Amino acid sequence: MELIVVVAMLGLGVGVTGLAFGSLRLPRTSVAIVALQRARARAIVSGRPVPTEPPAGAPQRSSRRVATLFLPDGRAVGPDADPLTGAPIDAPR
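Quick caveat: nothing in here was measured; it's all calculated off a predicted structure. (Residues numbered from 1 in each chain as written. Predicted model: local features only at pLDDT ≥ 70, side-chain atom pairs only at ≥ 80, totals over all residues. Heavy atoms only, no water.)

Caption draft 1: Up close: the overall build of the chain. Scanning the chain for helices and strands turns up 2 helices and 3 strands. Ordered by position in the sequence, the α and β elements of the chain form the string α-α-β-β-β. When burial is assessed residue by residue, the chain has 19% of its 93 residues classed as buried. Taking contacts inside the chain between residues at least 6 apart in sequence as the whole, the part at least 24 apart equals 26%. A total of about 7,500 Å² of accessible surface is found on the chain, and carbon and sulfur atoms cover 66% of it. (Helix = DSSP H or I, 4+ residues; strand = E, 2+ residues; numbered from the N terminus. Buried < 20%, exposed > 50% of the residue type's maximum accessible area, 1.4 Å probe, protein only. Contact = heavy atoms within 4.5 Å. Areas by Shrake-Rupley, 256 points an atom, 1.4 Å probe, with all protein chains shown as cover.)

Caption draft 2: Region of the structure containing the nonpolar core. One finds L36, A39, A43, V50, F70 and A76 forming the largest nonpolar core, which totals 6 residues. Examining the composition of this core, we find that 3 residues originate from one element, helix α2 (residues 31-46), more than from any other. (Core = buried A, V, L, I, M, F, W, Y, C linked by side-chain atoms within 4.5 Å.)

Caption draft 3: Expanded view of the sheet that holds strand β2 (residues 68-70). Taken in spatial order, the 3 strands make up an open sheet running β1-β2-β3, and their pairing is antiparallel. The sheet is open, and its two borders are formed by β1 (50-52) and β3 (76-77), each paired with just one other strand. Strand direction decides the pairing type here: β1 and β2, joined by 3 bridges, are antiparallel. In the strand pairing of β2, T52 is matched with T68. On top of the sheet, α2 reaches β1 and β2; it is set at about 165° to β1, its chief contact. (Pairing = 2+ DSSP bridges. Axes fitted to C-alpha atoms, helices over the stretch in contact; angles between N-to-C directions.)

Caption draft 4: Structural detail: α2. Here α2 is 16 residues long and its end C-alpha atoms lie 22 Å apart, about the 22 Å a rise of 1.5 Å per residue gives. Buried residues belonging to α2 abut β1 and β2. At the exit of α2 stands G47, carrying a positive phi of roughly 80°. (Expected span 1.5 Å × (residues − 1).)

Caption draft 5: Spotlight on a nonpolar patch on the surface. A surface patch of nonpolar side chains, amounting to about 500 Å² of accessible area, comprises M1, I4, V5 and M9. Looking at where M1 falls in the secondary structure, it is placed in the segment before α1 (2-22). Look at M1 and you get exposed, because its relative accessible area is 79%. (Patch = residues over 30% accessible without salt bridge, like charges linked within 9 Å, V, L, I, M, F, W, Y side chains within 5 Å. Salt bridge = Lys/Arg side-chain N within 4 Å of Asp/Glu carboxyl O.)

Caption draft 6: α1, seen in detail. For α1, built from 21 residues, the straight-helix expectation of 30 Å at 1.5 Å per residue is met to within 8% by its first-to-last C-alpha distance of 30 Å. For α1, a buried count of 0 out of 21 residues is recorded, marking the element as mostly open to its surroundings.

In structure tokens:
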């Protein structure tokens, strides 16, 4: 009888743990971050600088429309990207 109780408790624990792990999801990346990642990939593949525009509704920082310029080696120039890695500043670490 004790063995049946122990096995039932272990089964319940494993079931609850399985449900908890099944509900975990990866964090969603924003549309702006995905656009910057695609522009960086295009610059690397094409070998040409690729300018990006700020997302719609973003406040204008200057009179220029280009927010970030990705260079062919993957680096980025602009206020919205890390200049050494080319990663968007707001990207999760």
